[in-house]
Amino acid sequence: MIQERLVRKLFRRSLIKKLSPSEEELRRKKEEFRTLAGQLAELELTLNALRVDVGAFLFSVQAAVGERLLEEAILRRRLADALLAIDPDNKEYQAQANKAREDAEEAQHEHDAFAGRPGASSTYADFESARKARASDEVRDLYLKLVKLAHPDLTTDPEEKERRTKFMQEVNAAYEAGDYQRLEDLYRGWSGSLESFEGEDIGDQLVRVIRQISLIQERMAAVEAEFAELMNTDDYRMFEEARERGFEDYLSTLTAAADIENDRLKAGIDQVSRQIEEIFDPSSG
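Bear in mind that the values here come from a model prediction, so they are computed numbers and not experimental data.

J.: Looking at this structure, I do not really get the nonpolar core. What am I missing?
T.: By size, the foremost hydrophobic cluster in this structure holds 18 residues, and its most contacted members are Tyr 143, Leu 146, Phe 167, Met 168, Val 171, Tyr 175 and Leu 183. For this core, the elements supplying multiple residues, two or more each, are α2 (21–86), α5 (137–150), α6 (158–176) and α7 (180–189). For this core, the element with the highest residue contribution is α5, accounting for seven residues. Discounting residues that sit within four places of it in the chain, Tyr 143 has contacts with Glu 44, Leu 45, Asn 48, Met 168, Val 171, Asn 172 and Tyr 175.

Written out as structure tokens, the structure reads:
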């Protein structure tokens, strides 16, 4: 019995084809390609998650305090105009009035642009709901699967790359909304596959897989650069501060601060208005 088992073991070994050096190199490169594809998917998820969270948070900030910020800009313009009315030749007042008018116009444009955006009525609750959905294991795992399947840099064919780019735009939109059902529909509907290296000689396969590895490495470097750039923005720093303090508390603090500033400006306008009234009608004092 022992001899029979030994014979069978030796026979199975003889059936295993010994890889040539080129075939072994191709095997290693394919494994490297699969590993890098997974790492790229994780990087893309990290970048997109942060980018979407920051953008959605800024949207909720605008929804919470946008009206107040516009009112503040208008009040500053009124105060600057009132001060200029008291002393029209004052160069400092002239400069302040010009800047206040420009700031008020810019604030009005920003407010109008926000009001015209889809979902402009979004509240903090909407932001928090979508953020939690994006952070769920189900949404994250499905997003990673889709990136690994359909990332544009997983192919070298120009037409296929364009198709994948459009498909990933849909995937990213669904991820931004935290829409698991839409992601699942996209996953079920995906008809592509990882680029095949079969049907070519070893040399051609090696060239193609090495090229794809290079493309993935370039994209990974680009993602890391985009990540560093995002983290160096004021928007990100505001988001981080809000996350540390608690988003709801942070928004409440911004709202209260805006109300206090607008009350201060109104009081200043009232004071200057009384001065103007006294100038033109001394008996009113």
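J.: Would you mind going over the confidence of the model for the protein with me for this structure?
T.: The predicted coordinates should not be examined in detail at positions where pLDDT is low. Per-residue confidence for the protein averages 84 on the pLDDT scale, and 85% of its residues sit at or above 70. Across the protein, the secondary-structure element scoring lowest on mean pLDDT is helix α1 (residues 2–15), at 53, and the one scoring highest is helix α9 (residues 234–245), at 94.

J.: Honestly, the side chain of Asp 153 in this entry has me stumped. Any pointers?
T.: Among the structural elements, Asp 153 can be located in the loop between α5 and α6. Overall, the relative accessible area of 14% leaves Asp 153 in the buried class. Of note is the side chain of Asp 153, whose polar atom sits 3.2 Å from the side chain of Lys 161.

J.: Please explain the environment of Lys 145 as it appears in this structure.
T.: In this structure, Lys 145 sits in helix α5. Given a relative accessible area of 43%, Lys 145 falls into the partly exposed group. Lys 145 sits 107 residues away from Gly 38 along the chain, and the two C-alpha atoms are 9.0 Å apart.

J.: So what exactly am I meant to see when it comes to the environment of Glu 184 here?
T.: Position of Glu 184 relative to the elements: it lies in helix α7. Sequence-wise, Glu 184 and Val 171 are 13 residues apart; in three dimensions their C-alpha atoms are separated by 9.7 Å.

J.: Sorry if this is basic, but what is going on with the pattern of salt bridges here?
T.: Pairing between side chains of opposite charge can happen when the charged atoms of each approach one another. For the structure shown, the criterion picks out 25 salt bridges. In this structure, the salt-bridge partner of Asp 53 is Arg 134, at a minimum N-O distance of 2.6 Å. Pair noted here: Asp 53 is in helix α2 and Arg 134 is in helix α4 (residues 124–135), with a separation of 81 residues, a long-range link. By relative accessible area, Arg 134 is classed as buried at 3%. Residue Glu 71 is joined to Lys 266 by a salt bridge in which the shortest nitrogen-to-oxygen separation is 3.2 Å. Separated by 195 residues along the polypeptide, Glu 71 in helix α2 and Lys 266 in helix α10 (residues 247–280) bring together distant segments of the chain. Among the ionic contacts, a cluster of salt bridges with common partners joins Glu 24, Glu 25, Arg 27 and Arg 28.

Here is what the cut-offs are and how they apply
Residues numbered from 1 in each chain as written. Predicted model: local features only at pLDDT ≥ 70, side-chain atom pairs only at ≥ 80, totals over all residues. Heavy atoms only, no water. Core = buried A, V, L, I, M, F, W, Y, C linked by side-chain atoms within 4.5 Å. Buried < 20%, exposed > 50% of the residue type's maximum accessible area, 1.4 Å probe, protein only. Helix = DSSP H or I, 4+ residues; strand = E, 2+ residues; numbered from the N terminus. Contact = heavy atoms within 4.5 Å. pLDDT = per-residue confidence, 0-100. Polar contact = N/O pair within 3.5 Å; in protein donor to acceptor, adjacent residues only side chain to side chain. Salt bridge = Lys/Arg side-chain N within 4 Å of Asp/Glu carboxyl O.

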